[in-house]
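So the chains spell out like this:
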Amino acid sequence: MSSDQRLIVALDVHSMESVRQLVGQLGDSVSYYKVGMELFYSVGSQVITYLRQQNKDIFLDLKLHDIPNTVGQGLATLTQLGATMLNVHAAGGFSMMQAAAIAVKNKAIEIQARRPKLIAVTVLTSMNENEWSGIGYNVDLSQQVIHLSKLAQKAGMDGVVASPQEAAQIQKACGSEFIVVTPGIRPNGAAINDQSRIATPAGALKNGAHHLVIGRPITAAANPRQAVKDILREMRDLA
Ligand SMILES: O=C(O)c1cc(=O)[nH]c(=O)n1[C@@H]1O[C@H](COP(=O)(O)O)[C@@H](O)[C@H]1O
């Protein structure tokens with residue numbers, strides 16, 4: 001996979017005007033975008049239509065987490081939008097993830113469309129050990145990431161979202177075909193913001209991440225196109 005197929009830029013903005021400006025500015029340098037809650041709740045499915053018209057791959061990141069039937073029905077609807085990748089929270093459990101995988105597969109067959117990849121969020125990259133114990137878990141955070149990755153794989157997920165710090169361990173536990181998507185990417189010197197378990201683009205790739213999700217280091221940069229160029233150079237130098 002080439003570096004620009006590995007990079008996913010998080011479009012965390014809340015208007016179509018900002019989307020058009022950013023996507024226009026980044027041009028051919030970015031082929032894969034993430035649409036998350038902020039943008040999807042603001043503008044709805046028109047952003048998916050727009051990005052598909054621009055021939056971009058789309059990770060629709062709505063992190064579903066509910067009872068199996070509700071998640072399955074929700075994902076069946078989302079499958080019709082034509083995103084490349086969808087996600088759920090692994091903490092929803094085995095039956096929820098299994099229902100999710102079945103619903104996406106069946107809907108894709110029904111509408112004769114390409115099945116979107118389905119991945120599970122393990123432990124959010126904003127969580128540190130302190131936050132983690134604060135929600136009542138006694139198990140080690142990174143062990144929990146591996147546990148949830150194995151569970152996700154067993155339930156039929158194509159991969160997981162985790163921090164770049166756990167990517168190598170996930171590969172070891174689940175094999176190299178299992179997709180590892182890593183947010184929490186910060187080039188040297190970039191503001192860390194609300195992230196905790198971070199790595200540089202090169203560090204994440206070295207650890208075996210398949211896709212790097214990067215938002216503010218690009219979207220809040222004075223020159224987003226230059227920021228992408230620098231990140232891709234760092235990624236390519238490693239390849
Ligand atoms: O599922 C995600 O994409 C996600 C999971 C996670 O554990 N951490 C995480 O930061 N994300 C998303 O990745 C993006 C990271 O953005 P920046 O911190 O601005 O680079 C945001 O859009 C988050 O919603």
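Please read all numbers here as calculations on a predicted model, not as lab measurements.

What counts as what
- Residues numbered from 1 in each chain as written.
- Predicted model: local features only at pLDDT ≥ 70, side-chain atom pairs only at ≥ 80, totals over all residues.
- Helix = DSSP H or I, 4+ residues; strand = E, 2+ residues; numbered from the N terminus.
- Rg over C-alpha atoms; globule rule 2.2 N^0.38 Å.
- Buried ≥ 20, exposed ≤ 12 C-beta atoms within 10 Å, placed from the backbone.
- Contact = placed C-beta atoms within 7 Å.
- Pairing = 2+ DSSP bridges.
- Right-handed = clockwise from strand over helix to strand, strands pointing away.
- Expected span 1.5 Å × (residues − 1).
- Arc of directions from axis to C-beta.
- Near = placed C-beta within 6 Å.
- Nonpolar A, V, L, I, M, F, W, Y, C, P; charged D, E, K, R; others polar.
- Axes fitted to C-alpha atoms, helices over the stretch in contact; angles between N-to-C directions.
- Parallel < 35°, antiparallel > 145°, perpendicular 65-115°, else oblique.
- Left-handed = near helix turned anticlockwise from the far one by under 90°.
- UniProt positions renumbered as here; feature names shortened; annotations may be inferred.

What to know about the overall build of the protein chain
Within the protein chain one finds 12 helices and 8 strands. Relative to its length of 239 residues, the protein chain is compact, with a C-alpha radius of gyration of 17 Å against a globular reference of 18 Å. Burial status across the protein chain gives 41% buried among its 239 residues. Long-range contacts, defined here as pairs at least 24 residues apart, represent 69% of the contacts in the protein chain between residues at least 6 apart.

Let's talk about the pairing of strand S7 (residues 179-182)
Relative to S7, strand S6 (residues 159-161) runs parallel, the two being bridged by 3 bridges. Bridge assignment links Val161 to a residue of S7, and that residue is Val181. Handedness of the β-α-β unit built from S6, helix H9 (residues 167-174) and S7 comes out right-handed. Strand direction decides the pairing type here: S7 and strand S8 (residues 211-214), joined by 2 bridges, are parallel.

Thoughts on helix H5 (residues 68-79)
For H5, which comprises 12 residues, the first-to-last C-alpha distance of 16 Å matches the rise-based estimate of 16 Å (1.5 Å per residue) to within 8%. For H5, the complete set of buried residues consists of Val71, Gly72, Leu75, Leu78 and Thr79. All buried residues of H5 project into a common sector of 125° when viewed along the axis, lining one side. Summarising the geometry of H5, the exposed residues directed more than 90 degrees from the buried face are Asn69 and Thr77. In this fold, the buried residues of H5 make contact with strand S3 (57-64), strand S4 (85-89) and helix H6 (94-110).

Re the environment of Ser196
Structurally, Ser196 is set in the loop between S7 and helix H10 (201-206). Look at Ser196 and you get partly exposed, because 18 C-beta atoms sit within 10 Å. Residues Ser196 and Ser126, spaced 70 residues apart in sequence, show a C-alpha to C-alpha distance of 4.8 Å. With residues near it in sequence (within four places) discarded, Ser196 still touches Thr125, Ser126, Met127 and Asn128.

Quick notes on the site of the ligand
Near the ligand there are 20 residues, and of these Ala10, Thr125, Pro183, Gly215 and Arg216 occur at the shortest range. When contributions to the shell around the ligand are tallied by element, the ones reaching two or more residues are S3, S8 and helix H11 (216-219). Residue composition of the shell around the ligand, by class: 8 nonpolar, 7 polar and 5 charged.

What about the pairing of S4?
The buried count for S4 comes to 5 of 5 residues, which makes it a mostly enclosed element. Alternating residues of S4 divide into Met85, Asn87 and His89 and Leu86 and Val88, and every residue in both groups is buried. Of the strand pairs in this sheet, S3 and S4 are connected by 3 bridges, and their pairing is parallel. Paired with Leu60 across the strands is Leu86, a residue of S4. Crossover connection from S3 via H5 to parallel S4: handedness right-handed. Read as a crossover between parallel neighbours, the route from S4 over H6 to strand S5 (residues 117-121) is right-handed.

Regarding the packing of helix H2 (residues 16-26) against helix H12 (residues 224-238)
Helix packing for two helices is described by the angle between their axes and how far apart those axes are. H12 packs onto H2 with a crossing angle of 50° between their chain directions and a minimal axis gap of 8 Å. Classified by the angle between their axes, H2 and H12 sit oblique to one another. Classified by chirality, the crossing of H12 by H2 is right-handed. Contacts between H2 and H12 involve Leu22, Gln25 and Leu26 from the first element and Pro224, Arg225 and Val228 from the second. Looking at the contact of H2 with H12, its residues break down into 4 nonpolar, 1 polar and 1 charged.

A word on the UniProt feature "active site" (unreviewed entry) in the protein chain
As recorded in UniProt, the feature "active site" (unreviewed entry) lies at Asp61, Lys63 and Asp66. Among the structural elements, Asp61 can be located in strand S3. The exposure class assigned to Asp61 is buried, which follows from the 25 C-beta atoms found within 10 Å. When sequence neighbours within four positions are dropped, the list of residues in contact with Asp61 reads Lys34, Val35, Gly36 and Asn87. Assignment of secondary structure puts Lys63 in strand S3. Its 15 C-beta neighbours within 10 Å are what place Lys63 among the partly exposed residues.

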